[in-house]
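# A structural walkthrough
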Amino acid sequence: MPILSLSALKDGMILSNDAVDAAGAIVLPEGTILDTASLARLREAGVTRAAVKGRTTLRRRIAKARAQSAAGKPNEKPDHADAAVEDRLMRLAAMFARHRDDPLMRELLRIAILCAREGLVRG
Amino acid sequence: MADIDKVIADFGDMPTLPHVVARLTRLIANPNTTASDINKALSRDPGLTARILRLVNSSYYGFARRITTITNAVVILGFTQVRNLALTAFIMDNFSVSAASGFDMKAFWRHSIGTAFLAGHIGRGLGVKLDEDAFVCGLLHDLGKSVMAVKAPADVRKVLDVVGSENVLFYEAERRALGYDHATLGAALMERWNLPELMVETAREHHNPEAAGEGHRLLASVVHFADILARALLMGSGGDPLIPRIAEAAFERTGLNWRTVEAIMRRSTEEYAESDLFFA
């Protein structure tokens, strides 16, 4: 659950706790999906930091495991995680193959790949 | 095209809507109904009451405090939403087991639940009350598949064979193998159960939302898009490993941009992790 400064908050992030102002009043509730309007509201209320749901947990886990492995501390779990992600990416590639020329489907595939790489897709 | 009434007649006895769901529907239509009346109607079915409360307390609804009574649930969610949850529980209880068809019912319902979450979020951004309609229409959009799997497993095996051998979508395989598809079947069953027209029309046209009546085209577009997003997120399975093309007019009708779509997809994956709450 990273706590980020206002400047690091981006569209699409999700608040993992209520965002509160200096007086402790709730500006945006937990679960809010940030967009341009909600970011402006945080700025206007003087909120300087907010907690958001982790987005890169799996990537970090894999990177850490690779580092461990390079240092001679093998860890099998990340290989499984890697394989699962690869499997999902292959399924997506096969699923979308017939829609290569469709711009809407290309955009959807881009997001689906992002979600799969971040471990959000569990299918 | 097959005569859908004959197809349903060949299925034999179909379950009727339980008394409590039919009674809730009548109560909702009465402007003098109170939360206490709904509570009384549901109190005759403690199992259903418990399931409704479990769903209401899931992260999809995101209430900060725990809801422990049906009266509270009605006050917070509204009459229609509570009736929809009761309807959901009934359908999932009656159409969830089909060992002989080769159709993975658990994966099927997971796909439906994922579609419901996604449709609910899309609907929430589009207007008052659309989210609750979108949620239940998303959940029941493929009702025809589950009924077919339970009532005519041999037909489903034929469809799955065509999906595998011809590499086509499930509904295309249904039309080739059986002469009808699950969308037509599901809509016909919903009509028999006197469910609201928007549910019937959305189930019938979720693969072709432009064909829906003007008053239901937006909801059909939402469910059409949510169904495809659920497939892109590999949420369960609709019976084939493919994904239909997004109907451009349907996407435009929702008014969504891709940044919002991405946020909705991310949010829905978290709720999807709790999808076991829907199973009895």
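Residues numbered from 1 in each chain as written. Chains lettered and ligands numbered in written order. Predicted model: local features only at pLDDT ≥ 70, side-chain atom pairs only at ≥ 80, totals over all residues. Heavy atoms only, no water.

### Here we look at the overall build of chain A
Assigned secondary structure in chain A consists of four helices and four strands. Helices (α) and strands (β) of chain A occur, in sequence order from the N terminus, as β-β-β-α-β-α-α-α. Buried positions account for 35% of the 123 residues belonging to chain A. Once local pairs closer than 6 in sequence are excluded, the contacts in chain A between residues at least 24 apart make up 52%. Just so you have it, chain A exposes about 7,300 Å², and 54% of that area is on carbon and sulfur atoms. (Helix = DSSP H or I, 4+ residues; strand = E, 2+ residues; numbered from the N terminus. Buried < 20%, exposed > 50% of the residue type's maximum accessible area, 1.4 Å probe, protein only. Contact = heavy atoms within 4.5 Å. Areas by Shrake-Rupley, 256 points an atom, 1.4 Å probe, with all protein chains shown as cover.)

### Structural notes on the overall build of chain B
If you tally the helices and strands in chain B, you get 16 helices and zero strands. A globule of 280 residues ought to have a C-alpha radius of gyration of about 19 Å, and chain B, at 18 Å, matches this closely. Principal-axis analysis of the C-alpha atoms gives chain B an extent of 55 × 45 × 35 Å. When the 280 residues of chain B are sorted by exposure, 59% land in the buried category. Nonlocal contacts in chain B, meaning residues at least 24 apart in sequence, comprise 68% of its contacts between residues at least 6 apart. Total accessible area on chain B stands at roughly 10,900 Å², and carbon and sulfur atoms take up 50% of it. The average position of the 29 basic charges and that of the 33 acidic charges among the side chains of chain B differ by 6 Å. (Rg over C-alpha atoms; globule rule 2.2 N^0.38 Å. Lys, Arg positive; Asp, Glu negative; His and termini not counted. Charge placed at Lys NZ, Arg CZ, Asp CG, Glu CD.)

### Re the packing of helix H6 (residues 79-94) of chain B against helix H8 (residues 130-140) of chain B
All names here are of chain B. Direction vectors running N to C along H6 and H8 enclose 10°, while the axes themselves pass 10 Å from each other. In terms of orientation, H6 and H8 fall into the roughly parallel class. On H8, the residues touching Thr 80, Gln 81, Asn 84, Leu 87, Thr 88 and Ile 91 of H6 are Glu 132, Val 136, Leu 139 and Leu 140. (Axes fitted to C-alpha atoms, helices over the stretch in contact; angles between N-to-C directions. Parallel < 35°, antiparallel > 145°, perpendicular 65-115°, else oblique.)

### Section: the layout of surface pockets
In this model, the second largest pocket occupies a volume close to 170 Å³. As for the second largest pocket, its lining consists of 14 residues, of which Arg 91 and Met 95 of chain A together with Leu 234, Asp 240 and Pro 241 of chain B are closest to the centre. Listed by contribution, the elements that provide at least two residues to the lining of the second largest pocket are helix H3 (77-96) of chain A together with helix H14 (217-232) of chain B. No other element matches H3 of chain A, which puts three residues into the lining of the second largest pocket. Class assignment of the residues belonging to the lining of the second largest pocket gives a composition of seven nonpolar, four polar and three charged. (1 Å grid on protein atoms, 1.4 Å probe; cavity = no way out; pocket = protein on both sides within 12 Å on 5 of 7 lines; lining within 4 Å. Points joined across faces, edges and corners; volume = space filled by probe spheres on them. Nonpolar A, V, L, I, M, F, W, Y, C, P; charged D, E, K, R; others polar.)

### Some words on a nonpolar patch on the surface
Together, Phe 63, Val 75 and Ile 76 of chain B give the surface a local cluster of nonpolar side chains, amounting to about 260 Å² of exposed area. By relative accessible area, Ile 76 of chain B is classed as partly exposed at 35%. (Patch = residues over 30% accessible without salt bridge, like charges linked within 9 Å, V, L, I, M, F, W, Y side chains within 5 Å. Salt bridge = Lys/Arg side-chain N within 4 Å of Asp/Glu carboxyl O.)

### Overview of the pattern of salt bridges
Counting across every chain of the model gives 18 salt bridges over all chains. The closest approach of N and O atoms between Asp 102 of chain A and Arg 245 of chain B, which form a salt bridge, is 2.8 Å. Note that Asp 102 of chain A is positioned in the loop between H3 and helix H4 (103-117) and Arg 245 of chain B in the loop between H14 and helix H15 (248-254), a pairing that runs across two chains. Across the salt bridge formed by Asp 10 of chain B and Lys 6 of chain B, the nearest N and O atoms sit 3.1 Å from each other.

### Some thoughts on the interface of chain B and chain A
Taken together, the contact between chain B and chain A spans 28 residues of the former and 29 residues of the latter. Of the roughly 2,700 Å² buried between chain B and chain A on both sides combined, carbon and sulfur atoms contribute 65%. The three residues of chain B that bury the most area against chain A are Leu 234, Trp 258 and Arg 266 of chain B, which together make up 28% of that side's buried surface. For the interface between chain B and chain A, the tally reads three salt bridges. Between Arg 266 of chain B and Glu 118 of chain A there is a salt bridge, with its nearest N and O atoms 2.7 Å apart. Joining chain B to chain A, the criterion identifies four residue pairs in polar contact (both at pLDDT 80 or more). Sorting the residues of the side of chain B that touches chain A by element identifies H14, H15 and helix H16 (258-272) of chain B as the ones contributing at least two each. With nine residues, H16 of chain B is the single largest residue contributor to the side of chain B that touches chain A. Looking at the side of chain B that touches chain A residue by residue, the classes come out as 17 nonpolar, two polar and nine charged. (Buried area = accessible area lost by both parts, 1.4 Å probe. Polar contact = N/O pair within 3.5 Å; in protein donor to acceptor, adjacent residues only side chain to side chain.)

### Some words on the packing of helix H7 (residues 105-124) of chain B against helix H9 (residues 143-151) of chain B
Residue and element names in this part refer to chain B. Interaxial distance between H7 and H9 falls to 11 Å at its minimum, and their mutual angle equals 165°. With respect to H9, the axis of H7 lies roughly antiparallel. Our pair here, H7 against H9, has a crossing hand that is left-handed. Taking contact as the criterion, the partners of Met 105, Phe 108 and Trp 109 in H7 are, on H9, Lys 145, Ser 146, Ala 149 and Val 150. Class assignment of the residues belonging to the contact of H7 with H9 gives a composition of five nonpolar, one polar and one charged. (Left-handed = near helix turned anticlockwise from the far one by under 90°.)

### Topic: unusual backbone geometry
When glycine is set aside, most residues are seen to have a negative phi, and most peptide bonds are trans. Residue and element names in this part refer to chain B. Notably, Asn 167 is not glycine yet its phi reads approximately 55°, a positive angle. Looking at where Asn 167 falls in the secondary structure, it is placed in the loop between helix H10 (153-166) and helix H11 (170-178). At Asn 194, a position not held by glycine, the phi torsion is positive, near 55°. By relative accessible area, which is 66% here, Asn 194 ends up exposed.

### A few points about the confidence of the model for chain A
For chain A, the average pLDDT comes to 77, and 75% of its residues sit at 70 or higher. Highest mean pLDDT in chain A belongs to H4 of chain A (95); lowest belongs to helix H2 (residues 57-70) of chain A (55). (pLDDT = per-residue confidence, 0-100.)

### Some details on the environment of Met 105 of chain B
All names here are of chain B. Structurally, Met 105 is set in helix H7. Accessibility expressed as a relative area gives 5% for Met 105, which makes it buried. Along the chain, Met 105 and Ser 237 lie 132 residues apart, while their C-alpha atoms are 8.8 Å from each other. For Met 105, the contacting residues outside a window of four places in its chain are Phe 95, Ser 96, Val 97, Ser 98, Ser 146, Ala 149 and Val 150.

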